[in-house]
Amino acid sequence: MATKTYLDFEKPIIELENKITELKSIGDVIDISEEIKELEKKIDELRLDIYKNLTRWQRVQIARHPERPQTLDYIENIFDDFIELHGDRYYRDDPAVVGGIALFNKQSLVIIGHQKGRNTKSNLYRNFGMANPEGYRKAHRLMLLAEKFKKPVVTFLDTPGAFPGLEAEEHGQAEAIAKNLHLMSRLKVPIIVIIIGEGASGGAIGIGIGDRILMLENAWYSVISPESCSSILWRSWDYKEQAAEALQLTATDLKKQGIIDEIIPEPIGGAHKNHPAMFKILKDILAKELQKLINTNPDKLVRKRREKFYKMGVWSEK
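Residues numbered from 1 in each chain as written. Predicted model: local features only at pLDDT ≥ 70, side-chain atom pairs only at ≥ 80, totals over all residues. Heavy atoms only, no water.

A. Just the overall build of the protein chain, in detail. Of the regular secondary structure elements, the protein chain holds 14 helices and eight strands. Dimensions of the protein chain, computed from the C-alpha atoms along their principal axes, are close to 70 × 50 × 40 Å. The buried share among the 318 residues of the protein chain stands at 48%. Taking the intrachain contacts of the protein chain between residues at least 6 apart in sequence as the baseline, contacts between residues at least 24 apart amount to 71%. (Helix = DSSP H or I, 4+ residues; strand = E, 2+ residues; numbered from the N terminus. Buried < 20%, exposed > 50% of the residue type's maximum accessible area, 1.4 Å probe, protein only. Contact = heavy atoms within 4.5 Å.)

B. Representation of the packing of aromatic side chains within the structure. Evaluated as defined, the whole model comprises six aromatic pairs. Taking the centre distance of 5.4 Å and the plane angle of 85° together, the rings of tyrosine 74 and phenylalanine 279 count as edge-to-face. Of this pair, tyrosine 74 sits in helix H4 (residues 71-78) while phenylalanine 279 sits in helix H13 (residues 275-293), and the two are 205 residues apart along the sequence. By the burial criterion, tyrosine 74 is buried, and phenylalanine 279 matches it. Taking the centre distance of 5.5 Å and the plane angle of 50° together, the rings of phenylalanine 79 and phenylalanine 104 count as tilted. (Phe/Tyr/Trp six-rings, centres within 6.5 Å; stacked < 30°, edge-to-face > 60°.)

C. Local environment of helix H14 (residues 298-310). Counted at 1.5 Å a residue, the expected span for H14 with its 13 residues is 18 Å, and the 18 Å between its end C-alpha atoms agrees. What H14 keeps buried is the set Leu301, Val302, Arg305 and Lys308. Looking down the long axis of H14, one finds its buried residues gathered within 125° of arc, a one-sided arrangement. Residues of H14 that are buried in the fold lie against helix H8 (173-184), strand S5 (191-200), strand S6 (212-216) and H13. N-cap assignment for H14: the residue whose side-chain oxygen lies 2.9 Å from the backbone N of aspartate 299 is asparagine 297. (Expected span 1.5 Å × (residues − 1). Arc of directions from axis to C-beta. Polar contact = N/O pair within 3.5 Å; in protein donor to acceptor, adjacent residues only side chain to side chain.)

D. Geometry of the pattern of salt bridges. Considering all chains together, one arrives at 21 salt bridges under this definition. Across the pair aspartate 158 and lysine 116 runs a salt bridge whose closest N-O atoms are separated by 3.3 Å. With aspartate 158 in strand S4 (residues 153-159) and lysine 116 in the loop between strand S3 (107-114) and helix H5 (120-126), this residue pair connects regions lying 42 residues apart in the sequence. Taken as a pair, aspartate 158 and lysine 116 share a single burial class, namely buried. The closest approach of N and O atoms between lysine 179 and glutamate 175, which form a salt bridge, is 3.8 Å. Of this pair, lysine 179 and glutamate 175 both sit in helix H8, separated by four residues, roughly a single helical turn. Sharing partners across several salt bridges, the network here consists of Arg212, Asp261, Glu262, Glu289, Lys292 and Lys308. (Salt bridge = Lys/Arg side-chain N within 4 Å of Asp/Glu carboxyl O.)

E. Region of interest: the nonpolar core. One finds Tyr74, Phe79, Ile112, Val153, Phe156, Ile194 and Leu216 to be the most contacted residues of the largest nonpolar core, which totals 57 residues. Looking at which element gives the most residues to this core, the answer is H13, with seven residues. Counting residues in hydrophobic clusters, the runner-up holds 13 residues, among them Phe9, Ile13, Ile32 and Ile50. (Core = buried A, V, L, I, M, F, W, Y, C linked by side-chain atoms within 4.5 Å.)

F. Quick peek at a nonpolar patch on the surface. A cluster of nonpolar residues, Ile232, Leu233, Trp234 and Tyr239, forms a patch on the protein surface that exposes about 420 Å² of accessible area. Of note, tryptophan 234 is situated in the loop between helix H10 (226-233) and helix H11 (240-247). In this structure tryptophan 234 comes out as partly exposed when scored by relative accessible area, which is 36%. (Patch = residues over 30% accessible without salt bridge, like charges linked within 9 Å, V, L, I, M, F, W, Y side chains within 5 Å. Areas by Shrake-Rupley, 256 points an atom, 1.4 Å probe, with all protein chains shown as cover.)

G. Layout of the pairing of S5. Counting buried positions over the 10 residues of S5 gives 10, a clear majority of the element. Bridging between S4 and S5 involves six bridges; their strand directions are parallel. The residue of S5 that forms the bridge with threonine 159 is glycine 199. Where S5 meets S6, four bridges bridge the pair, whose relative direction is parallel. (Pairing = 2+ DSSP bridges.)

H. Highlighting the environment of leucine 103. Residue position: leucine 103 is located in strand S2 (residues 97-104). For the pair leucine 103 and aspartate 80, spaced 23 residues apart in sequence, the C-alpha to C-alpha distance is 4.9 Å. Residues in contact with leucine 103, not counting those within four places in the same chain, are Phe79, Asp80, Asp81 and Ser108.

I. Broad picture of the environment of isoleucine 62. Within the secondary structure, isoleucine 62 is located in helix H3 (residues 56-63). Taking the C-alpha atoms as reference points, isoleucine 62 and glycine 269, 207 residues apart in sequence, are found 9.1 Å from one another. The residues contacting isoleucine 62, other than those within four sequence positions of it, are Leu7, Phe9, Tyr51, Leu54, Arg68, Asn218 and His272.

J. The arrangement of the packing of helix H1 (residues 11-25) against helix H2 (residues 33-52) in detail. Closest axis-to-axis distance for the H1/H2 pair is 10 Å, and the angle between their directions is 165°. Between H1 and H2, the angle falls in the class roughly antiparallel. The chirality of how H1 crosses H2 is left-handed. Between H1 and H2, the contacting residues are Pro12, Ile13, Leu16, Glu17, Lys19, Ile20, Leu23 and Lys24 on the first element and Glu35, Ile36, Leu39, Glu40, Lys42, Ile43, Leu46, Arg47 and Ile50 on the second. Among the residues forming the contact of H1 with H2, the class breakdown is 10 nonpolar, no polar and seven charged. (Axes fitted to C-alpha atoms, helices over the stretch in contact; angles between N-to-C directions. Parallel < 35°, antiparallel > 145°, perpendicular 65-115°, else oblique. Left-handed = near helix turned anticlockwise from the far one by under 90°. Nonpolar A, V, L, I, M, F, W, Y, C, P; charged D, E, K, R; others polar.)

Okay, structure coming up:
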């Protein structure tokens, strides 16, 4: 059995679960089923209390949980007949971005998303979900394909940022992201963006322009990570919790600011605690969102999408 990963603020839950394990080990000698039921009830109540009062930094930690569902998990469990397409037709394929064609409730569409790994080997292969320019050019190619065949686009955001290496810059990282922003602002098919984990900086926005921006309850989305913000402002990572508070990067914050459209609720304990429940929640919401957009006039779709992003941000002039 795989070892469970617990976060620091979940320690009280661990203690109760350890007690249940101890009791079960002597369960063959005496009947302790009532005691176990009582402890399980306490765990449920404690988990509910903890997850109702999370800080912004704690939500960042949940978004990075190694057992959290990733793009390929959602594709496998929500969509049918997925055919992955590879390569940017310029240089190479980028495993940090996955994409292809699939069916959703018998509707064919194009899916694009960041993909992290589950262990050291797969994280190295996926570059920890940090895309190179080839990944964004692959996404660009797939979006043009979607427009050509009039298929909706669904993107999944989950990245600590675009890869900042020298080779990525030499291959045109900024230009690749900018071209995607330009294309997505005028693409004449519906685009639904779903932030499932981390949504950091240009790495996220590179596939993040859409008609509807949905965000999981415990995901985060910001121009910079709390650690990087802390290192810039305080020259140390020790102030990451204060940075997370200042950045206002949670789904609740961004809904208030008009950056996202809807918050997708997660099972108690986070998406990583109950994958099947999370898949069902997202599938139901995605079906409703697609239905709203599917028959919209393409020109109206583009106009409203642009207006949506033009309105973002607050400023004053003197």
